[in-house]
Amino acid sequence: MIRSEWLLDLPDYEITKISDECGIVVFSVVYLGAVSCIHCGGSHLRNKDRRERVVRHGDVGRRPCILRLVTRKWRCLDCGHYFWQRFPGILPRRRMSEPFRRDVSTLHLDGINRRVLSQREGIGSATVSRLVHEYLKRRISERQSAMCPRILGIDEHFFSRRHGYATTLCDLGRRKVFDVVLGRSEASLEGYLNRLKGKENVRVVCMDLCASYRSLVRKYFPNAKIVADRFHVIRLVNHHFLNSWKLIDPVGAKSRGLLSLMRRHQKNLKSPEQFERLMSYLKQFPGLQAIYLFKQQLCQLLLHKHCNAKKCKSLIPKFLDAIDKLKNSRIEPLVTLGQTLDNWKEEIATMWRFTKNNGITEGFHNKMETISRQAYGYRNFENYRLRVRVTCS
């Protein structure tokens, strides 16, 4: 015999009758659990009234199902209050059980749109949105962690043309999204950061070379060390090197084959033919060859990882010497690169000591783009924020 708990996914219920009403499976059920006063918890009760409740439940064999049960109005003899009986899995004044609400929400989150779900389940499209929103809020409240993580990643991503960009706060230690805030300027983030708890617990903040984020971290996270993201630093060096190449040889810079070779590190040249082709081209431009070799040495210097304090002290003079050479060069992109590296020299030097980077945050941004694409975009940022916090944590 099938137990009622297995069939209904609800505890302490017993099925007394199963009937068919116009293609809908009707379960007449009785609640067998103990009843206590919702005000004082007393068990001395007197029955005053009764009524029948009809609740939408999950499908059975691809057929819609409803629960029919009797609820009673009680008077507590201990405290004198009146109350209607409460049932586990069925909230007061709700016409749908919690398993049904959960199933609809998970189906919508898995990719089934509101119109299909509303037609399949016989409910309104707005009801589907409300169920999903309440489900996400409940999931967030279960996982709520008000304290900031020790290792924090900060980056921006595009939200919509109307609202612009949003800021992602990522817990790099636990590999999950901590929160998403609309805006990226100090004015838009000031109110959120003032309310944020546990800012003094943050020890490391990883970010790209964004001056506004750096000023925010210095103001609101006083005990945190700022670590520059290695990927963005290397990309900045390559970007200014390619701009210098365009000034020296505008025709050669348009060659896709040479562009692919110039972007790579020397260790990533797959064959000796590629290395010989690159060297033969650079011999035609001695100045470009010197810049290329300097860029390779600078990238190798920046790619050092897992360094102790002694090793970092030996790398700092080489890095400062490279900055001076860039600032004293007469090529405008290289001078700009030297000034940028000089402004961020402390954060870049800290990069050698700490192993964390913002690759985890960038990976979550790809997932956020998928969430937004599946929903054909979001108009309400709070709905987007709830969806991201549940899916990416």
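A brief structural summary. (Residues numbered from 1 in each chain as written. Predicted model: local features only at pLDDT ≥ 70, side-chain atom pairs only at ≥ 80, totals over all residues. Heavy atoms only, no water.)

### Some points on the state of the cysteines
Under the criterion given, the structure shown has zero disulfides. Unpaired in this structure, cysteine 22 has its nearest cysteine sulfur neighbour in cysteine 65, at a distance of 15 Å. The thiol of cysteine 206 is not disulfide-bonded; the next cysteine sulfur, from cysteine 170, is found 9.9 Å away. Exposure remark for cysteine 206: the relative accessible area of 1% places this residue in the buried category. (Disulfide = S-S within 2.5 Å. Buried < 20%, exposed > 50% of the residue type's maximum accessible area, 1.4 Å probe, protein only.)

### Things to note about the layout of surface pockets
Roughly 660 Å³ of volume is contained in the largest pocket. If you trace the largest pocket, you find 20 residues lining it, with His108, Arg114, Ala375, Gly377 and Tyr378 closest to the centre. Sorting the residues of the lining of the largest pocket by element identifies helix H2 (98-109), helix H4 (125-142), helix H14 (359-374) and helix H15 (381-391) as the ones contributing at least two each. It is H4 that contributes the most residues to the lining of the largest pocket, four residues altogether. (1 Å grid on protein atoms, 1.4 Å probe; cavity = no way out; pocket = protein on both sides within 12 Å on 5 of 7 lines; lining within 4 Å. Points joined across faces, edges and corners; volume = space filled by probe spheres on them. Helix = DSSP H or I, 4+ residues; strand = E, 2+ residues; numbered from the N terminus.)

### Quick notes on the packing of helix H11 (residues 309-328) against helix H12 (residues 332-343)
Interaxial distance between H11 and H12 falls to 7 Å at its minimum, and their mutual angle equals 145 degrees. Where H11 crosses over H12, the handedness of that crossing is left-handed. For the pair H11 and H12, contact is made by Phe319, Ile323, Leu326 and Lys327 and by Leu334, Val335, Leu337, Gly338, Gln339, Leu341 and Asp342, respectively. Looking at the contact of H11 with H12 residue by residue, the classes come out as seven nonpolar, two polar and two charged. (Axes fitted to C-alpha atoms, helices over the stretch in contact; angles between N-to-C directions. Left-handed = near helix turned anticlockwise from the far one by under 90°. Contact = heavy atoms within 4.5 Å. Nonpolar A, V, L, I, M, F, W, Y, C, P; charged D, E, K, R; others polar.)

### Notes on the pairing of strand E4 (residues 63-76)
Where strand E2 (residues 24-31) and E4 come together, four bridges link them in parallel fashion. The residue bridging valine 26 from the neighbouring strand is isoleucine 66, located in E4. Here strand E3 (residues 45-60) pairs with E4 via 13 bridges, running antiparallel. Across the sheet, residue arginine 53 finds its bridge partner in E4, namely leucine 69. (Pairing = 2+ DSSP bridges.)

### Examining the nonpolar core
In terms of nonpolar packing, the biggest core is built from 79 residues, with Phe221, Leu302, Leu341, Ile348 and Trp352 touching the most fellow members. Residue contacts for leucine 302: discarding those within four places in its chain leaves Arg230, Val233, Ile234, Val237, Phe319, Ile348, Met351 and Trp352. (Core = buried A, V, L, I, M, F, W, Y, C linked by side-chain atoms within 4.5 Å.)

### Considerations on empty space enclosed by the protein
Tallied over the entire structure, the rule returns two cavities of 30 Å³ or more. Its boundaries defined by the atoms lining it, the largest cavity holds a volume of some 90 Å³. If you go around the largest cavity, the residues you meet are Ile154, Thr167, Leu169, Val181, Leu189, Tyr192, Leu193, Tyr213, Leu216, Val217 and Phe221. Residue assignment for the lining of the largest cavity shows that the elements contributing at least two residues are strand E7 (164-171), helix H5 (186-195) and helix H6 (211-220). Grouping the amino acids of the lining of the largest cavity by side-chain chemistry returns ten nonpolar, one polar and no charged.

Geometry only, nothing functional implied.
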